[in-house]
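Here's the letter readout for the chains.
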Amino acid sequence: MKRPISLVVNGEQHDVLCAPNVTLLEVLREQLGLTGTKHGCELGECGACVVLLDETPVLSCLLLAMECEGRAITTVEGLKRGSELSPLQAAFADAGASQCGYCTPGMLLSATALLAKQATPSRADIHTALSGNLCRCTGYHQIVEAVESVAAKNTADSHGSSAR
């Protein structure tokens, strides 16, 4: 039996009807049309479905939509700043960190959460944060470089602002 729930996705409230066994992934893609979040393994092993729930990366394929009622959900579509890419999205593009692009939304969201908690993570921190996201195309080198470039800019910005 379907029940109404209210979800806050990318800063906007959405009222949807869903059955108790429907995952957040299904609601995002099928009811809200946010197809950036990908169906991958649907076993919680690949990270293609990562979204942020209250700024924490979660696997939307393993999370029931009803568990998310009233909580802040961010998808890859919510990373843009108006019509501009986020610095991390731009860094991925500049570094060639996306080839087929299937893993990219999950990588971006995992990296976004890392950079929100730790503006200048080490390479080991980046590897740990992305360890739940599988990529079959890039070998991870460009992905890690993209995250490092944003972290380096964060370092430069923090040094520049402290000198003022």
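Now for a quick tour of the structure.

Cut-offs applied
Residues numbered from 1 in each chain as written. Predicted model: local features only at pLDDT ≥ 70, side-chain atom pairs only at ≥ 80, totals over all residues. Heavy atoms only, no water. Pairing = 2+ DSSP bridges. Helix = DSSP H or I, 4+ residues; strand = E, 2+ residues; numbered from the N terminus. Axes fitted to C-alpha atoms, helices over the stretch in contact; angles between N-to-C directions. Contact = heavy atoms within 4.5 Å. Core = buried A, V, L, I, M, F, W, Y, C linked by side-chain atoms within 4.5 Å. Buried < 20%, exposed > 50% of the residue type's maximum accessible area, 1.4 Å probe, protein only. Parallel < 35°, antiparallel > 145°, perpendicular 65-115°, else oblique. Left-handed = near helix turned anticlockwise from the far one by under 90°. Nonpolar A, V, L, I, M, F, W, Y, C, P; charged D, E, K, R; others polar.

In spatial order, the strands read β2-β1-β5-β3-β4; together these five strands make up an open sheet with mixed pairing. Two strands bound the open sheet, and with one partner strand each, they are β2 (12–18) and β4 (56–59). Averaged over all pairs of adjacent strands, the angle between their axes in this sheet comes to 40°, without regard to strand direction. In the sheet, strand β1 (residues 3–9) pairs with strand β5 (residues 72–74) via two bridges, with the strands oriented parallel. Each residue of the ladder has a partner; that of Val-8, found in β5, is Ala-72. In the packing of helix α1 (residues 24–31) onto the sheet, the strands contacted are β1, β2, β3 (50–53) and β5, and the crossing angle to β2 comes to about 105°. Lying on the sheet, helix α3 (residues 104–117) is in contact with β3, β4 and β5; it crosses β3 at an angle near 35°.

To continue, consider the environment of Leu-52. Secondary-structure assignment places Leu-52 in strand β3. Remark: the alpha-carbon pair of Leu-52 and Glu-148, spanning 96 residues in sequence, is separated by 20 Å. Look past the residues within four positions of Leu-52 in its chain and what remains in contact with it is Pro-57, Ala-72, Ile-73, Thr-74, Leu-109, Thr-112 and Ala-113.

Leu-88, Phe-92, Met-107, Ile-143 and Val-147 are the most contacted members of the largest nonpolar core, which totals 25 residues. Taken together, the elements giving at least two residues each to this core come down to β3, α2 (87–95), α3 and α5 (141–162). The element best represented in this core is α3, accounting for seven residues. Contacts of Phe-92, omitting those with residues within four sequence positions, involve Ala-97, Ser-98, Thr-104, Met-107, Leu-108, Ile-143, Ala-146 and Val-147. Counting 20 residues, the second largest nonpolar core, distinct from the first, contains Leu-7, Val-9, Leu-24 and Ile-73.

Contact pair α2 / α3: the axes reach a minimum separation of 10 Å and the direction vectors enclose 130°. One element, α2, and the other, α3, form an angle in the oblique class. Along this stretch, α2 crosses α3, giving a crossing that reads as right-handed. Between α2 and α3, the residues in contact are Leu-88, Gln-89 and Phe-92 and Thr-104, Met-107, Leu-108, Ala-111, Thr-112 and Leu-115, respectively. In terms of residue class, the contact of α2 with α3 is built from six nonpolar, three polar and no charged.

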